[in-house]
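Structural overview for review
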Amino acid sequence: MKNMKRLLVLAGVLLLFQSASAFEGFLTYFSGSISVTRNGISVDVEIGMPIQPGDVIRTAQGATVVITLDSATDIKLRESTTLNIDQVAEDVRVSLLGGSIFSRIFGKLRGGYSVSTETVLAGVRGTEFFIAFGRKIDDRPDVWLCVNSGRVKVDVIETGESITVREGEGINILGGTKLTAPKRYRWTEELNWNTDPGMGMVEDRTDLDQAYSDLLDQDYD
Amino acid sequence: MKRVIVIITICAFLLLPSLLLGDHVPETPGGVVELENHLRLFLKHGNFTPVAELVGRWEGQRFEFRYRALTLGSYYRVARQLKLGAFYRVQQGARHDDDWIDLDPGWVWRDTRGRTEQLLILDVSPRFLLGFLPGRNWVFMLKNRYLFNTFNSQHTLTVRPGVTYFLLRGRDPFLNFSFNYDLYIPLNYGSSFLYAHWPYLNVLYHLSSVVKLDFSAAYKTVTWSSSEDVIASGESDYSVKSRTLLFGLGVILEFEL
């Protein structure tokens, strides 16, 4: 009887331990100047440090960060980017507050994975995609999203419209609210999707201005 | 009698210009409409844009297919607001001052449709966004070209200021509206500062990212100066203006390599 009790307590402890370690996030790479803010306080940054729900990660110009969440998702932040780790329970949710990120789901997620901006929600189950703020031509900036593998469902929060973007396609959500037709964009072929420093360069320096027609580059005769 | 006097007066009035100027002066009838068609191919590759152009033109009072040209070359983007270009053109059916010839008797324009000419062309085209204008999609371009005709060693400078408004759909051009003024300046021929000039309006429709259709309308003025035959014959010099309405219809293909 005593042994049974001990076993039950041990199982309980193991279950608790599993719950407590249900979410694991780590900073796996960074270059340049970055900051991690936790509960309003800036924490020391080092490779291998844990990333927790509620953390806000910022990269300065020229900086790059890679974080791994739940041993299933890599997120690479380009320069001048601010990312909030919202929630990691059944689902992994992050908010892009500025700049651009790559997302790569390489393992089995417990639930779904979504990236939201002020106006757009992009949800996936097993894929690799890029999301970025574009130019601010209307009241709010454009939001660009392109998919390297898998599919991404994009919801516009304000209008309730949604669309699925397939592998190889990209979409520009004008002013963050107006969906356009997904299509292949030439400039996305230059994106560096690599999130593993061991596999080569991680930094992505693609000029996002290429996404827009350059009116000074138009010749017709 | 009265009727005869009226008829003689009308005939004299009609003949007066040639009586004053002589048969050696080319006629320049008004109200002539010409049509030009073109097919242009642009291949964008980094800062280079190779270009190929095929042009055909129906000209003159009899609306004959006369001028045709093939132009090959490339633009190179030196800076965001500046492109340079170099081109080679082969053409037939071009008309020059010296093509007004003395048949003795009578004067005619030489039929140059079978004559092949080769030109070397250099282009410098700075362009600027006119952000202060409403709509933010205005571009001013000053297209400058130097042409050297190896057939008659004529050097020509063309200057074309122009303004284009881009109507966007999403974030890409959908319709362009342009107003340009072309000035042809002869550097070693002709007796006037401007050999030809014309204002023209152009509308370009982006059917897709690859195919564009364009339509233009120009009011063209050409100044014909004394030909070699006229000078050799000892006849009086002349400088006459020919005015035509030139409509253009074309297809532009643009590929990104």
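Above this text you will find the structure in question.
Right, let's walk through the structure included here. Counting restarts for each chain, with residues numbered from 1 along the sequence as it is written. Key to labels: chains lettered from A, ligands numbered from 1, both in the order written. The predicted origin of the model limits local features to residues at a pLDDT of at least 70 and limits the giving and counting of side-chain atom pairs to 80 or more, whereas totals for whole chains, interfaces and linings rest on all residues.

1. Observations concerning the interface of chain A and chain B
Residue pairs qualify as contacts under a 7 Å threshold applied to their C-beta atoms, which are placed from the backbone. The partner chain B presents 21 residues to the 12 residues of chain A that form the contact. Considering only residue class, the side of chain A that touches chain B consists of 5 nonpolar, 3 polar and 4 charged. Three residue categories are used. Nonpolar comprises Ala, Val, Leu, Ile, Met, Phe, Trp, Tyr, Cys and Pro, charged comprises Asp, Glu, Lys and Arg, and polar comprises the others, including Gly.

2. Observations concerning the pairing of strand 16 (residues 170-173) of chain A
Residues and elements named next belong to chain A. Three exposure classes are used. Buried residues have 20 or more other C-beta atoms within 10 Å of their own C-beta, exposed residues have 12 or fewer, and partly exposed residues fall in between, all C-beta atoms being placed from the backbone. Helix numbering and strand numbering both begin at the N terminus, where a helix is a DSSP run of H or I of at least 4 residues and a strand a DSSP run of E of at least 2. Burial of the side chains of strand 16 extends over both faces: Gly-170 and Asn-172 are buried on one face and Ile-171 and Ile-173 on the other. Being paired, for any two strands, means DSSP has found at least two bridges between them. Where strand 13 (residues 143-149) lies against strand 16, 4 bridges are found, and the strand directions are antiparallel. Counterpart to Val-143 in the pairing with strand 16 is Ile-173.

3. So, the environment of Pro199(B)
Locating Pro199(B) in the fold gives a position in strand 11 (residues 196-206). C-alpha of Pro199(B) to C-alpha of Asn180(B): the two residues are 19 residues apart in sequence and 5.7 Å apart in space.

4. A few points about the sheet that holds strand 7 (residues 82-88) of chain A
All names here are of chain A. What the 9 strands build is an open sheet, ordered 3-2-4-7-8-10-11-14-15; its pairing is mixed. Two strands bound the open sheet, and with one partner strand each, they are strand 3 (41-43) and strand 15 (162-166). Neighbour-to-neighbour, the strand axes of this sheet turn through a mean angle of 25 degrees, independent of strand direction. Two strands pair when backbone bridges link them, and strand 2 (residues 34-38) and strand 3 are joined in this way by 3 bridges, in the antiparallel orientation. Opposite Arg-38, over in strand 3, you have Ile-41 as the bridge partner. Every angle, taken between N-to-C directions, lies between 0 and 180 degrees, and every axis is a line fitted to C-alpha atoms, over only the stretch in contact when it is a helix.

5. A closer look at the sheet that holds strand 5 (residues 64-69) of chain A
Residue and element names in this part refer to chain A. Sheet architecture is open: 7 strands sit in the order 1-5-6-9-12-13-16, paired in antiparallel fashion. On the outer flanks of this sheet lie strand 1 (25-31) and strand 16, each paired with one strand and no other. In this sheet, adjacent strand axes meet at a mean angle of 15 degrees when their direction is disregarded. Of the strand pairs in this sheet, strand 9 (residues 100-105) and strand 12 (residues 128-133) are connected by 5 bridges, and their pairing is antiparallel. Counted as the bridge partner of Arg-104 is Glu-128 from strand 12.

Function cannot be inferred from these measures alone, as they are strictly geometric.
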